[in-house]
Amino acid sequence: MGLNCGLIGLPSCGKTTIYNAITAAGAASYNGSDMNHAVVNVPDPRIRPLVEMYNPRKVLPATLEVVDIPGLKAGSTTEDGRGIKLLGHIKNVDAVLHVVRCFEDDSVPFEYSTIDPERDVATVDLELMVADIQTLQNKVKRLSKRARGGDKDAIREVADCEKVTASLEHGVPARKQNLNEGELASVRECNLLSLKSVLYIANIKSMDDASNSHVKALKAIADAEGSEMVPVCGRDEAEISQLEPAEQHEFLAVLGLKESSMERLLHAGYHLLGLVNFFTTGEDEVHVWTCRKGDMAPTAAGKIHTAMEKGFIRMEVIRYEDLTALGSEAAVVRAGKQRIEGKTYEVQDGDIVVVLFNGS
Ligand SMILES: Nc1nc2c(ncn2[C@@H]2O[C@H](COP(=O)(O)OP(=O)(O)OP(=O)(O)O)[C@@H](O)[C@H]2O)c(=O)[nH]1
Ligand SMILES: [Mg+2]
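Residues numbered from 1 in each chain as written. Chains lettered and ligands numbered in written order. Predicted model: local features only at pLDDT ≥ 70, side-chain atom pairs only at ≥ 80, totals over all residues.

(A) Summary view of the confidence of the model for the protein. For the protein, mean pLDDT is 91; residues scoring 70 or higher make up 97% of the total. Here strand β2 (residues 29–31) stands out as the least confident element of the protein, with mean pLDDT 43; strand β11 (residues 312–319) is the most confident, with 98. Contacts for the low-pLDDT stretch residues 25–32, under 50 throughout, to residues beyond four places or in other chains number 16 contacts. (pLDDT = per-residue confidence, 0-100. Helix = DSSP H or I, 4+ residues; strand = E, 2+ residues; numbered from the N terminus. Contact = placed C-beta atoms within 7 Å.)

(B) Looking closely at the pairing of strand β1 (residues 3–8). Across five bridges, the pairing between β1 and strand β5 (residues 63–68) is parallel. Each residue of the ladder has a partner; that of Cys5, found in β5, is Val66. Summarising the sheet, β1 and strand β6 (residues 95–101) pair through four bridges and their orientation is parallel. Residue pairing across strands places Ile8 opposite His98, the latter belonging to β6. (Pairing = 2+ DSSP bridges.)

(C) Region of the structure containing the domain arrangement of the protein. For the protein, the assigned domains read domain 1 (3–40 + 63–111 + 197–273), domain 2 (124–194) and domain 3 (294–357). A C-alpha centroid distance of 35 Å is found between domain 1 and domain 3. (Domains from an automatic or database assignment.)

(D) Highlighting the environment of Pro109. For Pro109, the location among the structural elements is in the loop between β6 and α5 (117–148). For the pair Pro109 and Asp68, spaced 41 residues apart in sequence, the C-alpha to C-alpha distance is 19 Å.

(E) Spotlight on the pairing of strand β8 (residues 228–232). By the criterion of burial, β8 is predominantly enclosed, with four of the five residues buried. Judged from the five bridges that link them, strand β7 (residues 197–203) and β8 form a sheet pairing that is parallel. In the sheet register, Asn203 faces β8, and the bridge partner there is Val232. A crossover connection joins β7 to the parallel β8 through helix α8 (residues 213–224); in handedness this β-α-β unit is right-handed. (Buried ≥ 20, exposed ≤ 12 C-beta atoms within 10 Å, placed from the backbone. Right-handed = clockwise from strand over helix to strand, strands pointing away.)

(F) Molecular detail of helix α1 (residues 15–23). Burial analysis of α1 places eight of its nine residues in the buried class, the great majority of the element. All of the buried residues along α1 are Lys15, Thr17, Ile18, Tyr19, Asn20, Ala21, Ile22 and Thr23.

(G) Seen up close, the site of ligand 1. Around ligand 1 lies a shell of 18 residues, among which Lys15, Thr16, Thr17, Gly71 and Gly234 are the nearest. In terms of residue class, the shell around ligand 1 is made up of six nonpolar, eight polar and four charged. (Near = placed C-beta within 6 Å. Nonpolar A, V, L, I, M, F, W, Y, C, P; charged D, E, K, R; others polar.)

(H) Representation of the nonpolar core within the structure. The biggest cluster of nonpolar side chains holds 87 residues, and the ones touching the most others in it are Leu7, Val100, Tyr200, Ile201, Ala202 and Leu218. Here this core takes eight residues from α5, the largest share from any one element. If sequence neighbours within four positions are ignored, Val100 has contacts with Gly9, Cys13, Pro117, Asp120, Val121, Tyr200, Ile201, Ala202, Asn203 and Leu218. (Core = buried A, V, L, I, M, F, W, Y, C linked by C-beta atoms within 7 Å.)

(I) Fine view of unusual backbone geometry. Even without being a glycine, Asn55 presents a positive backbone phi close to 45°. We note that Asn178 has phi near 50°; this positive angle belongs to a residue other than glycine. Secondary-structure assignment places Asn178 in the loop between α6 (152–169) and α7 (181–187).

(J) Local environment of the environment of Val354. With respect to the helices and strands, Val354 occurs in strand β13 (residues 351–357). A residue is classified by how many C-beta atoms lie within 10 Å of it, and Val354, with 14 of them, is partly exposed.

(K) Summary view of α5. In this model, α5 (32 residues) spans 45 Å end to end at C-alpha, consistent with the 46 Å of a helix rising 1.5 Å per residue. Positive phi appears at Gly150, one or two residues downstream of α5, with a value of about 95°. (Expected span 1.5 Å × (residues − 1).)

(L) Up close: the environment of Val164. Inspection of the secondary structure assignment puts Val164 in helix α6. Given 25 C-beta atoms within 10 Å, Val164 falls into the buried group. C-alpha of Val164 to C-alpha of Val187: the two residues are 23 residues apart in sequence and 8.6 Å apart in space.

Now the structure itself:
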């Protein structure tokens, strides 16, 4: 139910190394036949004070799901269907984490003899686009009979799919096509890979290298599409993630970092996708939920339970800062700081909510 991400990139760019750096701190990780998959807890400094206050039976942090697939090289999606199958594992992710090798090291084999983020991003994007063209063509094929029969919706959807396909064939990823609402609706069920938000990860040798020319080139690519770029020293951080938390912070400090790669990626990802955390609290559980900034109260309530969205009546809201400053829910209510919000309220980061709904 939480945030869901997929790691992509050329072979040997460091995806699995970074996957290990992100997930080692978290829960179960298993090795599938050709991909790694893990669900990790999202750290939030507000959880601990809430747990101390409520002493709940259960604590449920927000979760981050990470999928790591083997590298894509030029032609992966056209050669034998293996690339298409691999990409199938990331069809349903909210965001793509695109790892780009930005370190020079002759002892680590790579596809190319040079380091060139622009080339690498274009190569991987092309594979995503080839897969998308296939997906769109399948949809057009499915709709063609209805369209020939004069079905207006089918005719419009076919036209939209063909327009997107034509731009893909010209090398423009769907995320850069400025698609309008109608076009987005026509391609929604296709889960186009090149439409997904991309967070670029520059894999570097050491943090001293965080502003080398390759990292700058990748930052420029990210900036040009309104995205984010995070430099990560994959190998060092994969090792650090194996240490005890106290030691981790010591080593991060040595590298000149305040946060682990997981924390930095999360911040960038939350920012890129416009995500916020809100809470439900009680003696039973302290639970962190994630929704999009701008989500109205019923949509956010729907993250907790679909019945809460359907039967939404109102939401009682207190702020995390008020609760910790005043010491208890009762004190917040006495201070007149509890709010009753309706269907058009936009849930804010740090809201602690109770949803009243029909069927409760
Ligand atoms: N020097 C250096 N080597 C690294 C770094 N990150 C990864 N490597 C090395 O690069 C090689 C490939 O790393 P992986 O993480 O397996 O790469 P991958 O992208 O998962 O590769 P595929 O799954 O085959 O596509 C390994 O030998 C790593 O040890 C880094 O930050 N610095
Ligand atoms: Mg790998």
